[in-house]
Amino acid sequence: MKVRVDPDICIGCGICPDVAPAVFEMGTDDKAHTKIDQVPEELQAACKDAADQCPQAAIEVD
Ligand code: SF4
(Lines give C-alpha, C1' and ligand atoms only; values in the text may rest on other atoms or scores of the structure.)
Protein backbone atom coordinates (compact mmCIF):
# COMPACT_ATOMS: atom_id res chain seq x y z
CA MET A 1 0.00 0.00 0.00
CA LYS A 2 1.23 3.48 -0.86
CA VAL A 3 0.47 6.63 1.14
CA ARG A 4 1.00 10.32 0.61
CA VAL A 5 -0.10 13.57 2.24
CA ASP A 6 -1.22 16.49 0.10
CA PRO A 7 0.61 19.45 1.70
CA ASP A 8 -1.74 21.92 0.01
CA ILE A 9 -4.70 20.44 1.90
CA CYS A 10 -3.13 19.44 5.25
CA ILE A 11 -3.90 21.94 8.03
CA GLY A 12 -1.39 20.44 10.45
CA CYS A 13 -3.93 19.26 13.01
CA GLY A 14 -1.62 16.48 14.22
CA ILE A 15 -4.15 13.66 14.19
CA CYS A 16 -2.36 11.38 11.73
CA PRO A 17 0.95 11.13 13.62
CA ASP A 18 -1.07 10.44 16.79
CA VAL A 19 -2.98 7.62 15.09
CA ALA A 20 -0.09 6.16 13.09
CA PRO A 21 3.24 7.48 14.41
CA ALA A 22 5.21 4.90 12.43
CA VAL A 23 3.81 6.33 9.19
CA PHE A 24 3.35 10.08 9.75
CA GLU A 25 5.31 12.86 11.41
CA MET A 26 4.89 16.61 11.63
CA GLY A 27 7.42 18.62 9.66
CA THR A 28 9.02 21.97 10.44
CA ASP A 29 6.45 23.44 8.04
CA ASP A 30 3.68 22.33 10.46
CA LYS A 31 2.36 19.89 7.84
CA ALA A 32 2.21 16.14 8.15
CA HIS A 33 4.74 14.14 6.17
CA THR A 34 5.04 10.44 5.54
CA LYS A 35 8.03 8.66 7.02
CA ILE A 36 7.63 5.83 4.52
CA ASP A 37 6.13 5.55 1.04
CA GLN A 38 5.28 1.88 1.07
CA VAL A 39 3.19 0.87 4.06
CA PRO A 40 3.91 -2.66 5.32
CA GLU A 41 1.05 -4.98 6.18
CA GLU A 42 1.27 -4.45 9.92
CA LEU A 43 0.85 -0.66 9.61
CA GLN A 44 -1.91 -0.58 7.01
CA ALA A 45 -4.85 -0.60 9.45
CA ALA A 46 -3.44 2.34 11.42
CA CYS A 47 -2.64 4.17 8.19
CA LYS A 48 -6.21 3.74 6.94
CA ASP A 49 -7.55 4.89 10.32
CA ALA A 50 -5.45 8.05 10.04
CA ALA A 51 -6.75 8.68 6.53
CA ASP A 52 -10.34 8.21 7.73
CA GLN A 53 -9.83 10.60 10.65
CA CYS A 54 -8.08 13.34 8.68
CA PRO A 55 -10.52 16.29 8.74
CA GLN A 56 -9.21 17.50 5.39
CA ALA A 57 -9.06 14.17 3.55
CA ALA A 58 -5.46 15.08 2.81
CA ILE A 59 -4.15 11.51 3.09
CA GLU A 60 -4.25 9.39 -0.04
CA VAL A 61 -3.81 5.64 0.19
CA ASP A 62 -3.84 3.11 -2.62
S1 SF4 B 1 -4.75 14.39 9.91
FE2 SF4 B 1 -4.80 15.40 7.88
S3 SF4 B 1 -4.89 17.60 8.28
FE4 SF4 B 1 -4.25 16.57 10.18
S5 SF4 B 1 -2.00 16.63 10.14
FE6 SF4 B 1 -2.63 14.68 9.22
S7 SF4 B 1 -2.77 15.06 7.00
FE8 SF4 B 1 -2.74 17.04 8.04
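Above: the structure in question.
One structure accompanies this document, and this report is about it.

Parameters and conventions
- Residues numbered from 1 in each chain as written.
- Predicted model: local features only at pLDDT ≥ 70, side-chain atom pairs only at ≥ 80, totals over all residues.
- Heavy atoms only, no water.
- Buried < 20%, exposed > 50% of the residue type's maximum accessible area, 1.4 Å probe, protein only.
- Helix = DSSP H or I, 4+ residues; strand = E, 2+ residues; numbered from the N terminus.
- Arc of directions from axis to C-beta.
- Contact = heavy atoms within 4.5 Å.

Section: helix α2 (residues 41-53)
Turning to α2, its buried residues are Q44, C47, A50 and A51. Buried positions in α2, seen along its axis, are confined to an arc of 130 degrees and lie on one side of it. In α2, the exposed positions angled more than 90 degrees off the buried face are occupied by E42, A45 and D52.

Here's the deal with the environment of C16
Position of C16 relative to the elements: it lies in helix α1 (residues 15-19). The buried category is assigned to C16, whose relative accessible area is 9%. Taking the C-alpha atoms as reference, C16 lies 14 Å from I36; in sequence the two are 20 residues apart.

Things to note about unusual backbone geometry
Phi is positive for D30, close to 65 degrees, though the residue is something other than glycine. By the secondary structure assignment, D30 is in the loop between β2 (24-26) and β3 (32-34). Of note, A57 is a non-glycine position whose phi angle comes to about 55 degrees, a positive value. Position of A57 relative to the elements: it lies in the loop between α2 and β4 (59-61).

Regarding the side chain of Q44
Positionally, Q44 belongs in helix α2. The contact partners of Q44, leaving out residues within four places of it in the chain, are M1 and V39.

All we've got here are geometric facts, nothing functional implied.
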